[in-house]
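Geometric and topological summary
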Amino acid sequence: MLVLGIESSCDETAAAVVRDGGEILSSIIASQIEMHRPWGGVVPELASREHLEKIDPIVRESLTKAGVELGDIDAVAVTQGPGLIGSLLVGVCYAKSLAYGLGKPLIGVNHIEGHVYSVAFENPPVTYPALALIVSGGHTNIFHVPEPGQYKVVSRTRDDAAGEAFDKVAKMLGLGYPGGPIIERLAQNGDPTKMKFSLAKISDGRPDLSFSGLKTAVAKYMRESCVSPQATDEDPRQDIMDLAASFQATVIRSLVGTLEKIAVELRPKTLIVAGGVACNLALREAAETTSAKLSIPVYFPSKHLSTDNAAMIAAAGYYHLSKGESVDLGMTADVTMRLQNLENEDAELKRKKVKYRL
Ligand code: KG4
Ligand code: ZN
């Protein structure tokens, strides 16, 4: 069965053709990073206009690369949310017209579920229950997945997503955008023990995460120790590389420490670490150490499947299709679409006061 996946939730226009949810025939990604770089972040209006320009040629390219015609496609899967409204609408409207024109089923996929399915291509099949750390520029959650399609949030960030923290700290250090890969590169020559940043402590004791205090701690350190930002990310100074390494180590300690704590309690059969920040090799190494310690295998997507792509959307779409699930043409973009579908006593938990020990 061939599923055409379409992703346009943020700043990547992507299309992919996937066979039976596990074989990528094509995966085309048009990144807008260069366009947004001068602004130091994604400009929503520019993003949606660019998606409009790119969506048709990208879908056509994905079909050509896969060696298939539109008529060969069995279903269309598109990211329904969460994401930027203007960006999401481009993909959703395009996918609806295509599904209608072809008379084929349409599946509205949750972008975060897409990241969970990004491990479907290069790893053995996931054994359930699984524990999935999805860590990207917009999201940071740990999901308990007792069986396919069942999600319970067991940890989430109370403020910034981890990738967002990488991007903001990079900006403070005078580095480019997106910050994650630059911080990782600089951290390789920095001393991660040089600056001691504490992990946020959540006052209600839940295993949640918080990164905005860490960002403030980096700013405070720069101010008090008179560390000026770099003029460019070329030829970085030692103090900037030490800060990058210390910041990165703290984020990883927080993410993997929390994953490990929850894994000890829930004893899943598989750990999944996915999303843009999962490109980070130091994060992967830390997760692998935890995996070895607990004797629970950890699955990652390869780098090009860690950041936003449409193959993962097609894979998640295939799963829903195989359960006989599809949506009608009344479906629309859902900016705040949630993935959790299992009851959790935390579900209604509002933003609580976070205590920091800095
Ligand atoms: O999954 P993604 O492509 O988009 C969202 O759904 O948000 O993730 C993008 C995020 C950015 O914040 C970027 O800085 C971060 O992933 N990122 C990294 C690395 N590569 C990308 N963070 C840390 N280390 C990396 N190597
Ligand atoms: Zn994403």
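Numbering of residues begins from 1 in every chain and follows the order in which that chain's sequence is written. Following the order in which they are written, the chains are lettered starting with A and the ligands numbered starting with 1. pLDDT decides what is reported in this predicted model: residues at 70 or higher carry local features, side-chain atom pairs at 80 or more are listed and counted, and totals for whole chains, interfaces and linings draw on all residues regardless. Working from all heavy atoms in the structure, the side-chain values ignore hydrogens and water.

Some points on the packing of aromatic side chains
Which entries qualify depends on this criterion: Pairing of aromatic rings covers Phe, Tyr and Trp, the last through its six-membered ring, and needs centres within 6.5 Å; plane angles under 30 degrees mean stacked, over 60 mean edge-to-face, and all others mean tilted. Each helix is a run of DSSP H or I of at least 4 residues and each strand a run of E of at least 2, with the numbering of both proceeding from the N terminus.
Tallied over the full model, the rule gives 4 aromatic pairs. With a centroid separation of 5.1 Å and an interplanar angle of 80°, the aromatic rings of F166 and F247 are classed as edge-to-face. Of this pair, F166 sits in helix α5 (residues 162-172) while F247 sits in helix α8 (residues 238-266); the two residues are 81 residues apart in sequence, bridging distant segments of the chain. Centroid distance F197 to Y221: 6.3 Å. Interplanar angle 80°. Geometry classified as edge-to-face. Linking F197 in the loop between α6 (179-187) and β9 (201-202) with Y221 in helix α7 (residues 212-224), this pair joins segments that are 24 residues apart in sequence.

Side note on the site of ligand 1
Quick reminder of the rule: A cutoff of 4 Å decides nearness: a residue is near a molecule or strand if any of its heavy atoms lies inside that distance of it. Counted as a polar contact is a pair of N or O atoms within 3.5 Å, where, for protein atoms, one must be capable of donating a hydrogen and the other of accepting one, and residues adjacent in sequence contribute only when both atoms are in side chains. For the accessible areas, the method is Shrake-Rupley and the probe is 1.4 Å, while residue cover comes only from the protein chains on display. Charged residues are taken to be Asp, Glu, Lys and Arg, nonpolar residues to be Ala, Val, Leu, Ile, Met, Phe, Trp, Tyr, Cys and Pro, and polar residues to be all remaining types, Gly included. Note that domain bounds follow an automatic or database assignment of domains.
As a structural note, the neighbourhood of ligand 1 is formed by 19 residues, with G137, D167, E184, G276 and N280 the closest of them. Between ligand 1 and the protein, one listed contact pairs an oxygen atom with a backbone N or O atom of G138 at 3.1 Å. Within the backbone of G276, a nitrogen or oxygen atom sits 3.0 Å from an oxygen atom of ligand 1. Notes on ligand 1: free accessible area 560 Å², of which the protein chains cover 90%. Those elements giving two or more residues to the shell around ligand 1 turn out to be α4 (111-117), α5 and α6. For the shell around ligand 1, the per-class residue count stands at 5 nonpolar, 11 polar and 3 charged. In terms of domain composition, the shell around ligand 1 takes at least three residues from each of domain 1 (2-117 + 305-337) and domain 2 (126-300).

A word on the environment of M331
Under the convention used in this document: Buried means the residue's accessible area, taken with a 1.4 Å probe over protein chains only, is under 20% of the maximum for its type, while exposed means over 50%, and partly exposed covers the values in between.
Looking at the secondary structure, you find M331 in the loop between α11 (311-322) and β12 (354-355). Accessibility expressed as a relative area gives 7% for M331, which makes it buried. Sequence separation of M331 and N110 is 221 residues, and the distance between their C-alpha atoms is 13 Å.

Some thoughts on the domain arrangement of the protein
Under the convention used in this document: Only heavy atoms enter the contact rule, under which two residues are in contact if any of them lie within 4.5 Å. Here the quantity called buried area is the total loss of accessible area, with a 1.4 Å probe, experienced by two parts when brought into contact, counted for both. Here, a salt bridge means any Lys or Arg side-chain nitrogen found within 4 Å of an Asp or Glu carboxyl oxygen.
Along its sequence, the protein is carved into domain 1 (2-117 + 305-337) and domain 2 (126-300). Measuring from the centre of the C-alpha atoms in domain 1 to the corresponding centre in domain 2 gives 27 Å. On the side of domain 2, 18 residues touch domain 1, which itself brings 18 residues to the contact. In total, about 1,400 Å² of surface goes out of reach between domain 1 and domain 2, with carbon and sulfur atoms giving 66% of it. By the criterion of area lost to domain 2, the three top residues of domain 1 are I112, V116 and S306, representing 37% of everything that side buries. Here domain 1 and domain 2 share 0 salt bridges between them. Between domain 1 and domain 2 we count 5 residue pairs in polar contact (both at pLDDT 80 or more) in total.

A closer look at the coordination of the zinc ion (ligand 2)
Put simply, the rule is: Metal-coordinating donors are taken as N, O and S atoms lying within 2.8 Å of the metal, or within 3.2 Å when the metal is Na, K or Ca; because water is left out, some sites can appear incomplete. Geometry assignment treats four donors as tetrahedral when all angles are between 85 and 135 degrees, treats four as square planar and six as octahedral when opposite donors are over 155 degrees apart and all others between 65 and 115, and treats everything else as irregular.
Protein coordination of the zinc ion (ligand 2) is provided by H111 (NE2), H115 (NE2) and D308 (OD), with donor distances spanning 2.1 Å. Of note is the zinc ion (ligand 2), whose 4 donor atoms meet at the metal with angles of 94 to 142° in an arrangement that counts as irregular. When the donors of the zinc ion (ligand 2) are listed by position in the chain, the intervening gaps give H-x3-H-x192-D. Taken as a pair, H115 in helix α4 and D308 in the loop between α10 (303-306) and α11 lie far apart in primary sequence, 193 residues in all. Neither H115 nor D308 differs from the other in exposure class; each is buried.

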